[in-house]
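These are the residues of each chain, in order.
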Amino acid sequence: MTDGGLLRDEFPITARLNYLNNCSLTPMARRVRRALDEYATLWSEWGGRAWYSHWMAELEALRTDLAGVLGADADEIALQPGVSTALVAVASAIDYAKRDTVVVADIDFPTDGHVFLARAHEGVKVRFVHSPDGIGVPLEGFAEAIDERTALVCTGHVIYSSGYIQDVAALARLAHEKGALLLVDAYQSIGAVPFDVHAADVDFLAGGTLKWLMGGPGLGFLYVRRDLSPRLRPTALGWWAVRDPFSFDVTRLDLPETARRFEYGTPSVAAIYAAPAGLSLLDEVGIDTVRDRHMRLSQRLVDGALEQGWTIRCPRDAAERTPIVTLEHPDPAAAVSALRAGGVICDNRPGLIRLSPHYFNTSEEMDRTLELLAPLRVAPAIA
Ligand SMILES: Cc1ncc(COP(=O)(O)O)c(C=O)c1O
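**Let's talk about the overall build of the protein**
Right, so step 1: A count of helical and extended segments in the protein gives 11 helices and 12 strands.
Right, so step 2: Compactness check: the protein gives a C-alpha radius of gyration of 21 Å against a globular reference of 21 Å for 383 residues, within 12% of the reference.
Right, so step 3: For the protein, the spread of C-alpha atoms along the three principal axes comes to 65 × 55 × 35 Å.
Right, so step 4: Burial analysis of the protein (383 residues in total) assigns 56% to the buried set.
Right, so step 5: Surface accessibility of the protein: about 16000 Å² in total, with carbon and sulfur atoms responsible for 54%.
Right, so step 6: Charge separation in the protein, taken as the distance between the mean sites of 37 positive and 50 negative side-chain charges, equals 3 Å.

Below, the structure written as structure tokens:
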């Protein structure tokens, strides 16, 4: 069965390359470039006036659009430079006096642990839940780790190295049963899997635009549950976190009741222009279609790789993962270079080749990738 790609004309890179590095950075769409051109024109022709004539309105519109993608309300969204800064903002707002421990999975993205390890001098402890297979983490592992000392559980919605989708609603229940809060790193999930923050009952969720939201680097976001914001006082913040930044009152820290109290300073305006263009693609294709294509294309890769004898480090079943497909290899950087020579763009992580198709990819591209992979497999040593 062949399967053509969606909206290929939007992505010039597809004319030249078999682009399978989407979980790292989705390629630039034509409409994103047009939005960036518009930003450049405004900057060039209006200078600082563009803040008031255009940019502030764009920023607030984007806050509303991002809230829509998450199933949140606009006042539950803080705009952020990225996920790490969002995590730092949350970490700075937690009271560790009675509960000093943060629970993180040992296969989570490094920043999820580092932000809390950096607070060791304040007595913050990080308890790592072990993944027995390097693919996912059983809920029981979290259940055992979360106790009355747990302030926060900070873990990925989707594991960056295996695509494994965690049951966030179940994690929220586990955390709440013990009086802890849940902070979800959703960088790898939003735009790839249907998700609603209110339905899942998460407390905080951080993400960004460069992956499945297709808006390029430079912009992140933090969802903070409505009733939490007024109760939390972040210490990592900047002048955009106050009720009225343009009062320019250096003597008063007057925080709004909303998630905006988790913001820092002047945002990247280029990213604020690129992001809505990326979001419009998601709107046009629809999250269910995105998910369906991800499942079909990645399953073709998984099935083909297994037939060739590869050891995969991602769930076999597409329902349990995003389109991240990881194959074990002793020298993944060399394998990724060899694939690049054949026109396939993918990435490596320690011990792994990581491939991630998107809706514009075709089934022929998956088959071509498998052809190139076949000679790269290193047979396991016989004991
Ligand atoms: C799951 C996850 N979290 C966080 C990050 C990094 O986020 P940032 O660079 O915006 O801090 C990444 C980047 O690849 C990621 O995959």
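What follows continues from the structure just given.
**So, the nonpolar core**
Looking at soluble globular proteins, one finds that nonpolar side chains tend to be buried together.
Right, so step 1: The biggest cluster of nonpolar side chains holds 58 residues, and the ones touching the most others in it are Leu 70, Phe 142, Leu 182, Val 202 and Leu 205.
Right, so step 2: Among the elements that make up this core, the one with the highest residue count is helix α8 (residues 269-285) (9 residues).
Right, so step 3: For Val 202, the contacting residues outside a window of four places in its chain are Val 168, Leu 182, Val 184, Phe 195, Val 197, Tyr 223 and Arg 225.
Right, so step 4: Counting residues in hydrophobic clusters, the runner-up holds 33 residues, among them Ala 89, Ile 94, Val 115 and Leu 222.

**Points about the sheet that holds strand β3 (residues 101-105)**
Right, so step 1: Sheet architecture is open: 7 strands sit in the order β2-β8-β7-β6-β5-β3-β4, paired in mixed fashion. Looking along the sheet, the strands with just one partner apiece sit at the ends: β2 (77-80) and β4 (125-129). Mean inter-strand twist for the sheet, computed between neighbouring axes without regard to direction, equals 20 degrees.
Right, so step 2: In the packing of helix α3 (residues 83-91) onto the sheet, the strands contacted are β2, β5 (150-156), β6 (181-185), β7 (204-208) and β8 (220-224), and the crossing angle to β7 comes to about 160 degrees.

**Things to note about the environment of Ala 270**
Right, so step 1: Tracing the backbone shows Ala 270 in helix α8.
Right, so step 2: A sequence separation of 230 residues divides Ala 270 from Ala 40, and the C-alpha atoms of the two residues are 8.0 Å apart.
Right, so step 3: When near neighbours in sequence (up to four residues on either side) are disregarded, Ala 270 contacts Leu 36 and Tyr 39.

Thresholds applied
Residue positions are given per chain, counted from 1 along the sequence in the order it is written. Residues qualify for local features only when their pLDDT is at least 70, as the model is predicted, and side-chain atom pairs are given and counted only at 80 or more; totals for whole chains, interfaces and linings, by contrast, use all residues. As a convention, hydrogens and water are excluded, and side-chain values are obtained from all of the structure's heavy atoms. In DSSP terms, a helix is any run of H or I states spanning at least four residues, a strand is any run of E spanning at least two, and both are numbered starting from the N terminus. Radius of gyration here is computed from C-alpha atoms only, and the compact-globule reference equals 2.2 Å multiplied by the residue count raised to the power 0.38. In this scheme, a residue with accessible area under 20% of its type's maximum is buried, one over 50% is exposed, and one in between is partly exposed, where area comes from a 1.4 Å probe on protein chains only. Areas reported as accessible are Shrake-Rupley estimates using a 1.4 Å probe. Residue values count occlusion only from the protein chains shown. The sign given to each residue is positive for Lys and Arg and negative for Asp and Glu; His and the chain ends receive no count. Here the site of a charge means NZ on Lys, CZ on Arg, CG on Asp, or CD on Glu. Here, nonpolar core means buried Ala, Val, Leu, Ile, Met, Phe, Trp, Tyr and Cys residues that are tied together by side-chain atoms lying within 4.5 Å of each other. Whether two residues are in contact is decided by their heavy atoms: any pair within 4.5 Å suffices. The criterion for strand pairing is that DSSP finds at least two bridges linking the strands in question. Note on geometry: axes are C-alpha line fits, over the in-contact stretch for helices, and angles between N-to-C directions span 0 to 180 degrees.

Everything listed here is a matter of geometry and, on its own, says nothing about what the molecule does.
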